[in-house]
Amino acid sequence: METIIIIIFLAGYLAITLEHNLKIDKLIPALAMMAILWALIALGIDGYENWFDSVKQGLVSGFSELGHADKMHIMEESLLHHLGKTAEILFFLLGAMTIVEIIDYFDGFATIKGFIKTKKKSKLLWLFSILAFILSAIIDNLTATIVLITILQKVIKDRETKLWFAGMIVITANAGGAWSPIGDVTTTMLWIANKVSAGQLVIHVLLPSLVCMLVPVLVAGRFKVFKGLIDGDLDGESSKSKYGATMLYLGLGAILFVPIFKTVTHLPPYVGMMLSLAVVATFAEIYSNKKFSISNVDGGGHEEGGHHSPVHHSLSKIELPSILFFLGILLAVAAMESLGILFNAAGALNEAIPDTDIVVMLFGVGSAVIDNVPLVAASMGMFSEPMDSPLWHFIAYSAGTGGSMLVIGSAAGVVAMGMEKIDFFWYLKKIAWLALIGFVSGAVVFILLRDFVLHG
């Protein structure tokens, strides 16, 4: 039965990886795989010899000798535990997504366009790269990429130039998301699972991530495509709402408040995110009750003085397919963990490749081909290192930045591919090697810093 379960898991994994080729949304194989795996576990529960207790991080002693009812009870407890940990991540993401949509409702991101004062391509490269690095650490790398490419489309007209800028935004946004507990889904997963703390993650991963961003930008800045002036117009439209800037800074501040809330109260991060959402939503309702017109609501705007709940509108725009995908893939990985398959795989991997650094860097390279969410979920079931172990910091860095090596290797890359119609092979030829040297440079810096701290 375990062989069948592994085959189904690998088949589902393959279907997720080949999402664009199969033209089937990855949430479908993720949900199907999750349901089938747990069904097979329930039906064959008496035939399993091992069960991994994710709470105690060890195998349940004497599991094979237990009766059917006891085994079913342990399975149900494990499933409930994993559902609870998954729900923490999902509600955290729902809160963050809603805050971002509320900012967008008030056209708050148009404020960022005001920072662009130069037509020099070299300066614009640095400006977009720094904005991507900082923004992605606050509103996550996917949203930062969407915001900056939207601005890019208004500022630069030449297609080839836009493609290069979009590629660099993907690299720098992924680098920025890797050092923040709220910058990437994978770092959020590690943070919520108490594998890393917010402060230690920033301390240990910020410099490697910065190097991962700086090296590609310094190299690319010497290319001809980033010389000269752009042919676009910097005088774009202003924010459609007079509250745009206020809601932008309020929303970003509310998201940044979440790690502080967790540090002070020791409550799960989603609690702080719900409080932040409540505060932002309150101001959004107050401002929307005042007479203003905003043209991007429902595509056509509403009458001056009319009221449209920004919270309801923002919730209707939440990307539920992504939420369901995370539900499916995290619970599917939990099924593999519960049977002890990931635990045993970690032992086999450590025997085959004794150097853990190489294993983690292979995770980073693998995240360019395979979605980094299940990779990190699997790694959490494979290793039992304590909180804030250098291993978890290195996994956060590798999984967050390694995906930049292929345009389909990260959520930021996929959305950039869709918005700018980036060709897979164009990215592979032009951008992938820049992402690779950035990834390796940052990894070397991480290893050197870690060894310096450990050995003085």
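From a predicted model like this one, the values you see are computed outputs, not experimental measurements. (Residues numbered from 1 in each chain as written. Predicted model: local features only at pLDDT ≥ 70, side-chain atom pairs only at ≥ 80, totals over all residues. Heavy atoms only, no water.)

Draft legend 1. Inspection of a positive patch on the surface at higher detail. A contiguous patch of positive charge, built from K120, K123, R222 and K227, is present on the exposed surface. Considering the arrangement of structural elements, one finds K123 in helix 6 (residues 121-139). By relative accessible area, which is 48% here, K123 ends up partly exposed. (Patch = residues over 30% accessible without salt bridge, like charges linked within 9 Å, V, L, I, M, F, W, Y side chains within 5 Å. Areas by Shrake-Rupley, 256 points an atom, 1.4 Å probe, with all protein chains shown as cover. Salt bridge = Lys/Arg side-chain N within 4 Å of Asp/Glu carboxyl O. Lys, Arg positive; Asp, Glu negative; His and termini not counted. Charge placed at Lys NZ, Arg CZ, Asp CG, Glu CD. Helix = DSSP H or I, 4+ residues; strand = E, 2+ residues; numbered from the N terminus. Buried < 20%, exposed > 50% of the residue type's maximum accessible area, 1.4 Å probe, protein only.)

Draft legend 2. Highlighting empty space enclosed by the protein. Applying the stated rule across the entire model yields one cavity of 30 Å³ or more. Volume-wise, the largest cavity comes out at about 30 Å³. What lines the largest cavity is simply F363, S367, L375, V376, S379, I395 and A399. Only helix 16 (356-369), helix 17 (372-382) and helix 18 (390-402) provide two or more residues apiece to the lining of the largest cavity. In terms of residue count, the dominant contributor to the lining of the largest cavity is helix 17 (three residues). When the residues that make up the lining of the largest cavity are grouped by side-chain class, the tally is five nonpolar, two polar and no charged. (1 Å grid on protein atoms, 1.4 Å probe; cavity = no way out; pocket = protein on both sides within 12 Å on 5 of 7 lines; lining within 4 Å. Points joined across faces, edges and corners; volume = space filled by probe spheres on them. Nonpolar A, V, L, I, M, F, W, Y, C, P; charged D, E, K, R; others polar.)

Draft legend 3. Representation of unusual backbone geometry. One non-glycine residue, K23, adopts positive backbone phi at about 60 degrees. Along the polypeptide, K23 turns up in the loop between helix 2 (19-22) and helix 3 (27-43). With relative accessibility at 73%, the residue K23 sits in the exposed group. The phi dihedral of H266 is positive, around 65 degrees, even though this residue is not glycine. Mapped onto the elements, H266 comes out in the loop between helix 11 (244-265) and helix 12 (269-289).

Draft legend 4. Structural detail: the pattern of salt bridges. In the structure shown here, the tally under the stated rule is five salt bridges. Between E101 and K317 there is a salt bridge, with the nearest N and O atoms lying 3.9 Å from each other. With E101 in helix 4 (residues 68-105) and K317 in the loop between helix 13 (310-316) and helix 14 (320-338), this pair connects stretches of sequence that are 216 residues apart. Residues D104 and K317 are paired through a salt bridge, measuring 3.8 Å at the closest nitrogen-oxygen approach. Pair noted here: D104 is in helix 4 and K317 is in the loop between helix 13 and helix 14, with a separation of 213 residues, a long-range link. Linked through salt bridges whose partners overlap, the residues forming this network are E101, D104 and K317.

Draft legend 5. The arrangement of helix 12 in detail. Spanning 21 residues, helix 12 covers 30 Å between terminal C-alpha atoms, matching the ideal 30 Å at 1.5 Å per step. Of the surrounding elements, those touching the buried residues of helix 12 are helix 4, helix 9 (185-192), helix 11 and helix 13. (Expected span 1.5 Å × (residues − 1). Contact = heavy atoms within 4.5 Å.)

Draft legend 6. Geometry of the confidence of the model for the protein. Looking at the protein, the pLDDT average stands at 85 and 93% of residues meet or exceed 70. Segment residues 291-306 is flagged for pLDDT under 50; beyond a separation of four residues in sequence, or across chains, it makes 35 contacts in the model. (pLDDT = per-residue confidence, 0-100.)

Draft legend 7. Spotlight on the nonpolar core. If you look at the biggest cluster of nonpolar residues, it comprises 139 residues, and the most contacted ones within it are W38, I41, W51, I102, F128 and I139. Among the elements that line this core, the one with the most residues is helix 4, at 13 residues. (Core = buried A, V, L, I, M, F, W, Y, C linked by side-chain atoms within 4.5 Å.)

Draft legend 8. How the structure looks around the packing of helix 4 against helix 11. Packing of helix 4 against helix 11 brings their axes to within 9 Å, and their N-to-C directions diverge by 165 degrees. As the angle between them shows, helix 4 and helix 11 are arranged roughly antiparallel. Taken as a pair, helix 4 and helix 11 cross one another with a handedness that is left-handed. When helix 4 is examined against helix 11, the residues F92, I99, I102 and I103 are found in contact with a partner set consisting of M247, L248, G251, L252, I255 and V258. (Axes fitted to C-alpha atoms, helices over the stretch in contact; angles between N-to-C directions. Parallel < 35°, antiparallel > 145°, perpendicular 65-115°, else oblique. Left-handed = near helix turned anticlockwise from the far one by under 90°.)

Draft legend 9. Just a nonpolar patch on the surface, in detail. On the surface, F257, I260, V264, L275, V279 and F283 cluster together into a nonpolar patch covering about 500 Å² of accessible area. Broken down by secondary-structure element, the contributors of at least two residues to the nonpolar patch are helix 11 and helix 12. Classification of V279 by relative accessible area gives partly exposed; the value is 35%.

Draft legend 10. Structural view of the packing of aromatic side chains. In this structure the tally under the stated criterion is 21 aromatic pairs. Aromatic pair Y105 and F106: ring centres 5.1 Å apart, planes at 70 degrees, arrangement edge-to-face. When sorted by exposure, Y105 lands in the same class as F106, which is buried. A centroid spacing of 5.6 Å and a plane angle of 75 degrees characterise the contact between W164 and F223, whose relative ring orientation is edge-to-face. Within this pair, whereas W164 is found in helix 8 (residues 159-178), its partner F223 is found in the loop between helix 10 (198-220) and helix 11, the two being separated by 59 residues in sequence. What makes F223 partly exposed here is its relative accessible area of 22%. Members of the aromatic cluster, connected to one another through ring pairs, are F128, W164, F165, F223, F226, W426 and W433. (Phe/Tyr/Trp six-rings, centres within 6.5 Å; stacked < 30°, edge-to-face > 60°.)

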